[in-house]
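# Results of the structural survey
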Amino acid sequence: MYVFAVLSNPELPLDLTEDRYNQITRREYPYVRTGSDGKPRHYALCPECQNPVQLVNRSVSSTESTTLYAKHFKISLEGLANYDQDAYDDCQLANPHRLDAKTRRKTGNKTNKIKVIFSKYIDIVVNYAESMTGIKLSDTIIEQMISDFCKSKGHEYRAVSEHNIPLAFVYMTEAKSFYGCNVSRMIADFINKGSKNFSAISFKNSSRHYIKRKERAFQSELKFFFSGHTIPKNEQDNSEYAYLYIIETRKGIPPESSPVLLKKKIMLSTSKFGNDINRRERLHQMVKSNMK
């Protein structure tokens, strides 16, 4: 994985680079230790399960790839972390699950934490959904998407962690109409090129486009849905993503015959999402400590 955490904020995912690791850890114990061979070993925490992780390829390549990454270290390290097997087994960064597997975890601290994040930071979740997809969602569609996530009990899915909620949020959405939404220029181009019954027209002096139904096209709908959740192959892979599909349906025509106007890969920066949540909390604390 390409994130790490430290003792002062063990749940905050930090993008892993050698320079950032050096600056934050100060290259000091308990993060840096001497191995049995007399060589330094470099450690940190997993931001999801808080187990120890060891940096691989930090100074000298130890694998065929020269890419720096962090790998779970299944041994307790005094002063840093005690290894917790249950937490490791339930860690999406260590043992990723696909959303379509529908494997669920037991109700407990983790499911409650995901519920709290989803509820408290739903505005950030929606902002990420819009940024990933290029779709500015209407309040009606947002409420329908929230309903889909809650009815599916998304917080119980083994594949959902506190760091990938925006991706899970869109993935658990059933097909939705574009009514009331507007789209990016890229999506607009695909709609204008491939749709028989809709066009995307730009707002004045804006990169956003609204969707207009063509005359006598009242039997058709322009919709979007998500599929194809892909998980990392190993801890050296950082490719968790899904696909956005845009389709044009028509009354009386089976859904499977609906043409696909666009298939777009969407990806989520888990570290950025975690940092945005952390910043929101810091700002709340600033207000709380200053407002009397």
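In the block above lies the structure referred to throughout.
Description of the structure in this document.

Procedures and definitions
Residues numbered from 1 in each chain as written. Predicted model: local features only at pLDDT ≥ 70, side-chain atom pairs only at ≥ 80, totals over all residues. Heavy atoms only, no water. Buried < 20%, exposed > 50% of the residue type's maximum accessible area, 1.4 Å probe, protein only. Helix = DSSP H or I, 4+ residues; strand = E, 2+ residues; numbered from the N terminus. Arc of directions from axis to C-beta. Pairing = 2+ DSSP bridges. Phe/Tyr/Trp six-rings, centres within 6.5 Å; stacked < 30°, edge-to-face > 60°. Lys, Arg positive; Asp, Glu negative; His and termini not counted. Salt bridge = Lys/Arg side-chain N within 4 Å of Asp/Glu carboxyl O. Polar contact = N/O pair within 3.5 Å; in protein donor to acceptor, adjacent residues only side chain to side chain. Contact = heavy atoms within 4.5 Å.

Attention now moves to helix α7 (residues 185-194). Burial in α7 covers these residues: Ile-187, Ala-188 and Ile-191. Summarising the axial view, the buried residues of α7 lie within an arc of 100 degrees, below the 170-degree limit, and thus occupy one face.

As a further point, take the sheet that holds strand β13 (residues 241-250). The four strands lie next to each other as β8-β12-β13-β14, forming an open sheet whose pairing is antiparallel. Single-partner strands in this sheet number two, and they are β8 (176-177) and β14 (260-267). The sheet contact formed by strand β12 (residues 220-230) and β13 spans nine bridges and is antiparallel. Of the residues in β13, the one forming a bridge with Phe-224 is Ile-246.

To continue, consider the packing of aromatic side chains. In total, this model carries 12 aromatic pairs according to the counting rule given. Judged by centre distance (5.8 Å) and plane angle (55 degrees), the ring pair of Phe-118 and Phe-169 falls under tilted. With Phe-118 in helix α3 (residues 109-120) and Phe-169 in helix α6 (residues 165-171), this pair connects stretches of sequence that are 51 residues apart. With 5.4 Å between their ring centres and 80 degrees between their planes, Tyr-128 and Phe-273 make a pair best called edge-to-face. Here Phe-273 lies in helix α8 (residues 270-290) and Tyr-128 lies in helix α4 (residues 122-133), a separation of 145 residues in the sequence. Of the residues examined, Tyr-128 reaches a relative accessible area of 10% and is grouped as buried. Taken together, Phe-118, Phe-149 and Phe-169 form an aromatic cluster joined through their ring pairs.

Within the secondary structure, Arg-33 sits in strand β3 (residues 32-34). Despite its burial, Arg-33 pairs with no opposite charge, the nearest such side chain being Glu-78 at 6.3 Å. At 2.9 Å, the side chain of Arg-33 and the backbone oxygen of Pro-30 are in polar contact. There is a polar contact of 2.5 Å between the side chain of Arg-33 and the backbone oxygen of Glu-78.

Right, let's talk about helix α1 (residues 18-25) for a bit. Every buried residue of α1 is listed here: Tyr-21, Asn-22 and Thr-25. Seen from one end, α1 has its buried residues packed into an arc of 95 degrees, which puts them on one side. Residues of α1 that are buried in the fold lie against β1 (3-6), β3, β4 (40-45) and β5 (52-56). Arg-26 sits one or two positions beyond α1 and adopts a positive phi of about 60 degrees.

If charged atoms from side chains of opposite charge come close, those side chains can pair. Taken as a whole and judged by the stated rule, the model has 16 salt bridges. The salt bridge partner of Arg-98 is Asp-100, with a shortest N-O separation of 2.9 Å. Owing to a relative accessible area of 41%, Arg-98 belongs among the partly exposed residues under this scheme. By relative accessible area, which is 34% here, Asp-100 ends up partly exposed. Of the charged contacts in the structure, one is a salt bridge between Glu-130 and Lys-136, with a shortest N-O distance of 3.6 Å. Among the ionic contacts, a cluster of salt bridges with common partners joins Glu-11, Glu-48, Lys-110, Lys-113 and Glu-162.

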